[in-house]
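# Summary of the model geometry
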Amino acid sequence: MASPPHERHDAQQRMLGAVPGQPALGRGPTPGSDYSRHEYHHPAAGWGAARSVGKVLERAGEPMEGFRALFVMNQEDGGFDCPGCAWPDDPHGLHLDICENGVKHATWELAPANADREFFAGHTVAELAEWSDYDLEAVGRLAEPMSYNPATDKYEPISWDDAFVLVGGTLRELETPDQAAFYTSGRLSNEATFLYQLWVREFGTNNLPDCSNMCHEASGRALTAAIGSGKGTVDLHDWEIADAIWLMADNAATNAPRMLTWLAEADRRGAQLVHINPLIEAGSRRTIIPHEFAHLATFHATSTGTMNVQVRIGGDLALLRGVAKAVFEAAAQDPDVLDHEFIAQYTHGVDEYRALVEATPWADLVRDAGVDEAGVRRLADSYLATKRVIIAWCLGLTQHEHGVDTVREVVNLLLLRGNLGRPGAGPCPVRGHSNVQGNRTCGINNRPDQPFLDRLAEVCEIDPPREAGLGTVGTIEAMQSGDVKVFVALGGNFALASPDLPYTFEALRKCELTVQVSTKLNRSHIVHGKRALILPCLGRTDKDVQAGGVQGITVEDSMSMVHISYGMKDPGSPQLRSECAILAGLAQATLPESRTPWQSYADDYDRIRDTMAQVLPGFEDFNTRARGPHGFRIHQPARERDFRTPSGRVEFSLASLPDDVDPGEGRLTLATVRSHDQFNTTIYSNDDRYRGLKGLRTVVFMNENDLRDRGLEEFDLVDITSFSKDGTKRTVHGYRAVRYEIPPGCTAGYMPELNVLCGIADYSTQSDQPVTKHLVVEVTRSREVRPID
Ligand SMILES: Nc1nc2c(c(=O)[nH]1)N[C@H]1C(S)=C(S)[C@@H](COP(=O)(O)OP(=O)(O)OC[C@H]3O[C@@H](n4cnc5c(=O)[nH]c(N)nc54)[C@H](O)[C@@H]3O)O[C@H]1N2
Ligand SMILES: Nc1nc2c(c(=O)[nH]1)N[C@H]1C(S)=C(S)[C@@H](COP(=O)(O)OP(=O)(O)OC[C@H]3O[C@@H](n4cnc5c(=O)[nH]c(N)nc54)[C@H](O)[C@@H]3O)O[C@H]1N2
Ligand SMILES: [Mo]
């Protein structure tokens, strides 16, 4: 429900934390005064999870659909792939492989199509701008194509054909195709992805920014440089037989809850589970295995952690190098500690790496890591005591200036003991969106490689542009400077997921045309160009029927498994179109001379897959293999120790230690994270159950000493000022300080609210990723708190 009008006054500004002296508003439901925090002592995924699922289903108003959805989600024989995270399905097919948050994401999509013409006729965009992001999405699914009318400040219905003509005509009028940018969020199917990039490249640009530019770009670049391919090398079978699993920088209980099953089972067989994180997250202690509902009744919890290492924010590279130093020291006593055969046969640069590690003093490593020498050595002892080690990681490693260097240090450490390309061992990036890895595989990349473009040119008979296009940050800058005039987004919520919100908002508003292909109303529809379209599409759960019959789409999970997914719900409005159908319409209107069989592709996705099979390595016989039980695994050469780097070997890297330990006098380092009740910019509630926080999102988690130094008590109102690389400052007013077990000097708070603090210049020079886990801030008591009317 939308909040009453009197509470919405200035809400837009207060959501940006831009009103001094007033509590900021989060992007969830309008907060009340009943916020609280307590220590969470229960296992992850227990009764709290069950209750939370119940509430979501109740609110969705379609409980039966919700329950039915559970039973077909992630099953091998039909059903749809969970639209939540990218954790792989259980290959044994034994479990009803679902989790609390997967249920939330699927149910969210099952909402009725209430964002229809009546709804839009009743509200100006200026009015909707005052609604919280929660309220915008709570309207329901989008029902029909809408076009913005500046005269009325309202979205009005437009036919699909007119919408296509508007986009096609506007694109063709541009001086160059590079004046348009085409964003992707990681929920797109492989088939839609492939059509999207084909349209964009046939049109003539590589301006394909995507959510990966803000997510795992650093992992892709690091792994490509080190092992010759941008993906991890392990699969779930490896998880089943590893002696040690290190989980770095990932809040698994919230963001990949099905992983808990695998952690718990690893614990049962005695594997070492190491959690490296400035926060001790819920999944690092105990869990009730998400699918074992019987355990709910008996409160049977399983351990999911043997060691927690509370690293400083940004201290991972130093920590890993400290472990490497201890390994080399041990090797001086016992040469067998190193896997000499592997190192000699498959790697390049070990002598230089050893020299660098030996030359780095313990004092520097300890200071940078924020973990004492004994702690680093304990971790090293564990590493030396285990034969098969997987190191998995997520955003706490990538969203830093040194993200690429840190991921390469993960590989360095694995190499020393041959933990790569053999069973039970290897690097394992934990991806975010359910198909973000597939999107990259199928061509969404603003820096495409030349062999891919060569095959695309040959098979699809187009002449794709060869020079790199704009990523996310580059696109925002180009919209600001007027170099990009048309912005198209296939999914996602670019306006809110991006850094420097006011600057990004301004950039979007300068565009001649913004086009959003979406399932639900969000901020990116409210912050729009001079002309704007909302094109509503089918989601993963919706039944997709085209001229050629019922269609399935494919997705690729974190471990390179590709499988087919079928929606099961009748679309909530007859006006919804599939992403493939929308893309075919847009492409035909943009490229009237095109010889690409757009309509034929949209009629039957088997035809898209047949073309993809010719363009994409590893996709041979795609149609047959995708339909097999559990689909197929894309060949990953590095898994077989076939390293496609220029030297043909895995490359050790020789990064210097980051020089970001000291943020400056009185300053702190801030990491932005997700709460348990959100999926990126979609907020389900103001609670963060596992962190014990209820009713509030506008918070900053601080160490007790840092609170005391500032004379702050829990829940005091504070202003947070960030210091950008380019010397500019940004402030959010009216947040609340929350005491938390986090290393001194480190703080955390929620995205997307705190995206205001990430300046446009605050991106990594290694990956172009916004450094949203490493903002330099000052926290001060809010001045002059006025009561709200
Ligand atoms: N329910 C739910 N599931 C999701 C999402 C969601 O929003 N909700 N989002 C999806 C997406 S797109 C993604 S990319 C993933 C994100 O999954 P995560 O990477 O788990 O997401 P974040 O909440 O950003 O949390 C990052 C973790 O890194 C830790 N961290 C922060 N800084 C550092 C550091 O310097 N070093 C170390 N070692 N750790 C650090 C934080 O304490 C936190 O535990 O989840 C996916 N799954
Ligand atoms: N400060 C900070 N900023 C961050 C991050 C962070 O950790 N800190 N994380 C970054 C990361 S990892 C990511 S991945 C990005 C996320 O950025 P995005 O992927 O752009 O954002 P989402 O919130 O996932 O997008 C939600 C919207 O997607 C649309 N949608 C949902 N399902 C579908 C579908 O099936 N098809 C279509 N066409 N649309 C659909 C709905 O309209 C919904 O409102 O945010 C990044 N921003
Ligand atoms: Mo992500």
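Further up the page is the structure itself.
The paragraphs below set out a description of the structure included in this document. Note that this is a predicted model, so its numbers are computed, not measured.

## Topic: the overall build of the protein
Within the protein, the regular secondary structure consists of 32 helices and 30 strands. Taken over C-alpha atoms, the radius of gyration comes to 25 Å for the protein, in line with the 28 Å a tight globule of 789 residues would show. In terms of principal-axis extent, the alpha carbons of the protein reach across some 75 × 65 × 55 Å. Restricting to contacts in the protein with at least 6 residues of sequence separation, those with at least 24 account for 78%. With an accessible surface of roughly 27,100 Å², the protein has 51% of that area assigned to carbon and sulfur atoms. Taken together, the 77 basic and 109 acidic charged side chains of the protein have centroids lying 2 Å from each other.

## Some points on the sheet that holds strand β20 (residues 632–633)
Sheet architecture is open: three strands sit in the order β18-β19-β20, paired in antiparallel fashion. Unpaired on one side and paired on the other, β18 (553–556) and β20 mark the two borders of the sheet. Taken together, the four bridges between β18 and strand β19 (residues 561–565) define a ladder with antiparallel strand orientation. Counted as the bridge partner of E556 is V562 from β19.

## Concerning the pattern of salt bridges
Applying the stated rule across the entire model yields 39 salt bridges. Each of D210, E217, R221, R440 and D768 takes part in one network of salt bridges that share partners.

## Comments concerning the nonpolar core
Ranked by size, the top nonpolar core spans 61 residues in total, and within it L171, F182, Y196, W199 and L535 carry the most contacts. Residue contributions to this core peak at eight residues, all from helix α9 (residues 190–203). Filtering out sequence-adjacent residues up to four positions away, L535 remains in contact with P145, W160, A163, V515, Q516, V517, S518, I582 and L586.

## Examining the site of ligand 2
Contacts to ligand 2 come from 31 residues, most closely from Y183, S185, E579, T681 and N755. Between Y183 and ligand 2, the recorded distance is 2.6 Å, taken from a side-chain N or O atom to an oxygen atom. H433 has a polar side-chain atom sitting 2.7 Å from an oxygen atom of ligand 2. For ligand 2, the protein covers 97% of the area, taking 930 Å² as the surface of the free molecule. For the shell around ligand 2, the residue count by class is 11 nonpolar, 14 polar and six charged. Taken domain by domain, the makeup of the shell around ligand 2 includes at least three residues from each of domain 1 (5–34 + 664–781) and domain 2 (117–213 + 435–620).

## A look at the site of ligand 1
Around ligand 1, the structure places 31 residues, and the nearest of them are N277, E281, D316, Q678 and N680. A249 is positioned with one of its backbone polar atoms (N or O) 3.3 Å from an oxygen atom of ligand 1. L395 is positioned such that a nitrogen or oxygen atom in its backbone is 3.0 Å from an oxygen atom of ligand 1. Look at ligand 1: alone it shows 920 Å² of surface, and the protein chains cover 98% of it. Looking at the shell around ligand 1, the elements with two or more residues in it are α4 (100–109), α12 (252–255), α20 (395–398), β22 (668–673) and β23 (678–679). Summarising the domain contributions, the shell around ligand 1 has at least three residues from each of domain 1 (5–34 + 664–781) and domain 3 (217–429).

## Focus on the side chain of S675
Here S675 shows up in the loop between β22 and β23. Looking at S675, its side chain comes within polar contact range of the main-chain nitrogen of D677, at 3.1 Å. Excluding residues within four positions of it along the chain, S675 makes contact with T254, D687, D688, R691, R697 and Y750.

Basis of the calculations
Going along each chain's sequence as written, the residues are numbered from 1 onward. To label them, take the chains in the order written and letter them from A, then take the ligands in the order written and number them from 1. Only residues with pLDDT of at least 70 get local features here, since the model is predicted, and only at 80 or more are side-chain atom pairs given and counted; chain-wide, interface and lining totals rely on the full set of residues. Where side-chain values are given, they derive from all heavy atoms of the structure, hydrogens and water being excluded. A run of DSSP states H or I qualifies as a helix once it reaches four residues; a run of E qualifies as a strand once it reaches two. Both are numbered from the N-terminal end. Throughout, the radius of gyration refers to the C-alpha atoms, and the reference size of a globule is 2.2 Å times the residue count to the power 0.38. Any two residues whose heavy atoms approach within 4.5 Å are treated as being in contact. With residues, only the protein chains shown are counted as cover, and all accessible areas are computed by Shrake-Rupley using a 1.4 Å probe. The charge count treats Lys and Arg as positive and Asp and Glu as negative. His and the chain ends do not count. Where a charge sits is defined by one atom per residue type, namely NZ (Lys), CZ (Arg), CG (Asp) or CD (Glu). Strands are labelled as partners when DSSP assigns at least two bridges between them. A carboxyl oxygen of Asp or Glu within 4 Å of a side-chain nitrogen of Lys or Arg is what we treat as a salt bridge. Throughout this description, the term nonpolar core refers to a set of buried Ala, Val, Leu, Ile, Met, Phe, Trp, Tyr and Cys residues connected via side-chain atoms within 4.5 Å. Buried residues are those whose accessible area, probed at 1.4 Å on protein chains only, stays under 20% of the maximum for their type, while exposed residues exceed 50% and partly exposed ones sit between those limits. When we say a residue is near a molecule or strand, we mean one of its heavy atoms is within 4 Å of it. By the criterion applied in these results, polar contacts are pairs of N or O atoms within 3.5 Å in which, for protein atoms, one can donate a hydrogen and the other can accept it, and in which residues neighboring in sequence qualify only through two side-chain atoms. Three classes are used, and their members are as follows: Ala, Val, Leu, Ile, Met, Phe, Trp, Tyr, Cys and Pro are nonpolar, Asp, Glu, Lys and Arg are charged, and the others, Gly among them, are polar. The domain limits used here are those given by an automatic or database domain assignment.

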